[in-house]
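Per-entry structural report
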Amino acid sequence: MRVYNFSAGPSMLPEAVLEQARDEMLDYHGCGMSVMEMSHRSKQFIEIAERTEANLRDLLGISSDYHCLFLQGGATGQFAAIPMNLLGDKRSTCYVLTGSWSKKAASEAKAFSNVKIAASSEEEHFTTIPDPSGWQVDSGAAYLHYTSNETIHGVEFPFVPETSLPLVADMSSNILSRPVDVGRFGLIYAGAQKNMGPAGITVVIVRKDLLQTPLLGTPSVLDYKKQAEAGSMLNTPPTYNWYLLGLVLEWVRSQGRIQGIEKRNREKSELLYSAIDASDFYRNPVDRRYRSRMNIPFTLANPELDSQFLGQAQEAGLTNLKGHRSVGGMRASIYNAMPLQGVQALVEFMKEFERRYG
Ligand SMILES: *Cc1c(COP(=O)(O)O)cnc(C)c1O
C-alpha cells in the first residue's frame, strides 16, 4: 500500500510517473534496454534530454536568452558554483537570509567572495521576511541571492524582490509550484528532489550574458559555460534522473500546467493552515503573509505528545511528519505531487488526535 509521504525531500512523486517508469523499465520504447542502460550519446537519450529541456522552457516560459543546465551536485553544489561563475571582476556578493538554506548558501559563497548580508530575519527565528524597503543591497555586488522558499522554516516569498543587481534564486522547494517570470532573474536553480523528480539532478537556468570567465581553479563540471557548450554532458550526466524529471514535466502539463498545479497547491495549503489556525492545539509560527504553500511546520500545544502523534500518524499511512531537528515539532511538506486527499487525510487525523488528547 502506498502512503501519503510528507517528506521534505526526497519526496513523493506522482503515481502516474512511477507507473510509466515501471512500464518502460526493461524496454524503453522498443529499444530493448532500460533508459538506465543507454549511452548518453545515443539517439534515444538525446531525444529524452531535448524533450525535457523543451518542456521545461515551455512550462516556465524560458527565453533563448537563458541556458538550461542539468547538473549534479545538488543545490548545495550550486552554492559554490554560483559565485565561481558569476563573480567575474567583482569582489562581493549579496545575500538575503530568511532561513537555514539561504544561510548555508551565503556561508558557502564566503570561500569565493566578500559576502554582504542585505537583510536577515534570524533574530525572528526565521519566521518572517525582512521588509524589502530596509534591505541594504551592495550596489557593487555581482548579484543578489535569495531563497524563494525556505524548506525548513516554512517561509515563502509571495513576491520577486526588485533590484538593479542580477537576481539569483534558490527555488529548490517551490519551482513549478506557481507561475514565475523568469525574465526577472539572472539565475534560478533547483535540486530536483522536492518538486521535479528524484535526487541527483539539479536544474540551473542562467542568463547567457551573465556568464563570466569563472574563477581560476573552477572544476570543469562546475563551469556553467563549459557545461552549456557541452549540452550539460561534459561528463556522463545522471541519465535516469534526467528521464524521470522529463516524466514529471509531462505530468505537470497534464495537470493543467503550472496554473492548474498552483490552484491545487493553494487549496491544499489553505486547508491545512485553516485546520491549524482553527485550533489551540496546533500552531504555526510563521508570519501569515509569508507562509509557505509547500512546507508547513506546526507544533503541538504539548510537545510530550509529539512521538504519539508521529507514531499514530505513521499507522494511519501519513509518514515523515517529523519537523527538522533545528526547528522541532512537525512539518508537512505538500509539494506538487501530494494529492488533495493526502492533506484531507492529515487534517482528519489531526482533528481526531486533538479530540482524544486535546
Ligand atoms: C533541499 C534544499 C537544498 C539542498 O539541496 P541538495 O540537493 O541536498 O544540495 C537547498 N536549498 C533548498 C531551498 C532546499 O530545499
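Everything below is about the structure printed above this text.
In this text the structure is predicted, and so the values were computed from the model without any measurement.

**Quick look at the site of the ligand**
Near the ligand, the surroundings consist of 13 residues, among which Thr 76, Thr 151, Asp 170, Gln 193 and Lys 194 are the closest. Measuring from a nitrogen atom of the ligand, one finds a side-chain N or O atom of Asp 170 at 2.6 Å. In the model, an oxygen atom of the ligand is placed 2.6 Å from a nitrogen or oxygen of the Lys 194 side chain. In isolation the ligand offers 390 Å² of accessible surface; the protein chains occlude 86% of this area. Element by element, the count of residues in the shell around the ligand is highest for helix 3 (residues 74-86), at 4 residues. Split into classes, the residues belonging to the shell around the ligand amount to 3 nonpolar, 8 polar and 2 charged.

**Points about unusual backbone geometry**
Trans is the prevailing form of peptide bonds, just as negative phi is the prevailing case for residues other than glycine. Going from Gly 9 to Pro 10, the amide bond is cis rather than trans, its omega being -5 degrees. With respect to the helices and strands, Pro 10 occurs in the loop between strand 1 (4-5) and helix 1 (15-23). Its identity as a non-glycine residue notwithstanding, His 125 has a phi of 55 degrees, on the positive side. Locating His 125 in the fold gives a position in the loop between strand 4 (114-120) and strand 5 (144-147). One non-glycine residue, Phe 126, adopts positive backbone phi at about 55 degrees. Mapped onto the elements of the fold, Phe 126 is located in the loop between strand 4 and strand 5. Judged by its relative accessible area of 5%, Phe 126 falls in the buried class.

**Observations regarding the nonpolar core**
Counting 57 residues, the largest nonpolar core has Leu 60, Ile 205 and Tyr 243 as its most contacted members. The element contributing the most residues to this core is helix 6 (residues 239-254), with 10 residues. Two domains each donate at least three residues to this core, and these are domain 1 (15-254) and domain 2 (257-357). Residue contacts for Tyr 243: discarding those within four places in its chain leaves Gln 20, Ala 21, Glu 24, Tyr 28, Val 35 and Ile 48. In this structure, Phe 6, Ala 275, Leu 321 and Phe 349 belong to the second largest nonpolar core, which totals 27 residues.

**Quick look at the packing of aromatic side chains**
Two aromatic rings are characterised by how far apart their centres lie and by the angle between their planes. In total, this model carries 20 aromatic pairs according to the counting rule given. Here the aromatic rings of Phe 45 and Trp 242 are separated by 5.7 Å at their centres, their planes lie at 85 degrees, and the arrangement is edge-to-face. Residue Phe 45 is located in helix 2 (residues 43-60), and its partner Trp 242 is located in helix 6; the two are separated by 197 residues in the primary sequence. Of the residues examined, Phe 45 reaches a relative accessible area of 0% and is grouped as buried. Taken together, the ring pairs in this structure connect Phe 281, Tyr 282, Phe 298, Phe 309, Phe 349, Phe 353 and Tyr 357 into an aromatic cluster.

Calculation criteria
Residues numbered from 1 in each chain as written. Predicted model: local features only at pLDDT ≥ 70, side-chain atom pairs only at ≥ 80, totals over all residues. Heavy atoms only, no water. Near = heavy atom within 4 Å. Polar contact = N/O pair within 3.5 Å; in protein donor to acceptor, adjacent residues only side chain to side chain. Areas by Shrake-Rupley, 256 points an atom, 1.4 Å probe, with all protein chains shown as cover. Helix = DSSP H or I, 4+ residues; strand = E, 2+ residues; numbered from the N terminus. Nonpolar A, V, L, I, M, F, W, Y, C, P; charged D, E, K, R; others polar. Buried < 20%, exposed > 50% of the residue type's maximum accessible area, 1.4 Å probe, protein only. Core = buried A, V, L, I, M, F, W, Y, C linked by side-chain atoms within 4.5 Å. Domains from an automatic or database assignment. Contact = heavy atoms within 4.5 Å. Phe/Tyr/Trp six-rings, centres within 6.5 Å; stacked < 30°, edge-to-face > 60°.

All quantities given are derived from atomic positions and should not be read as evidence of function.
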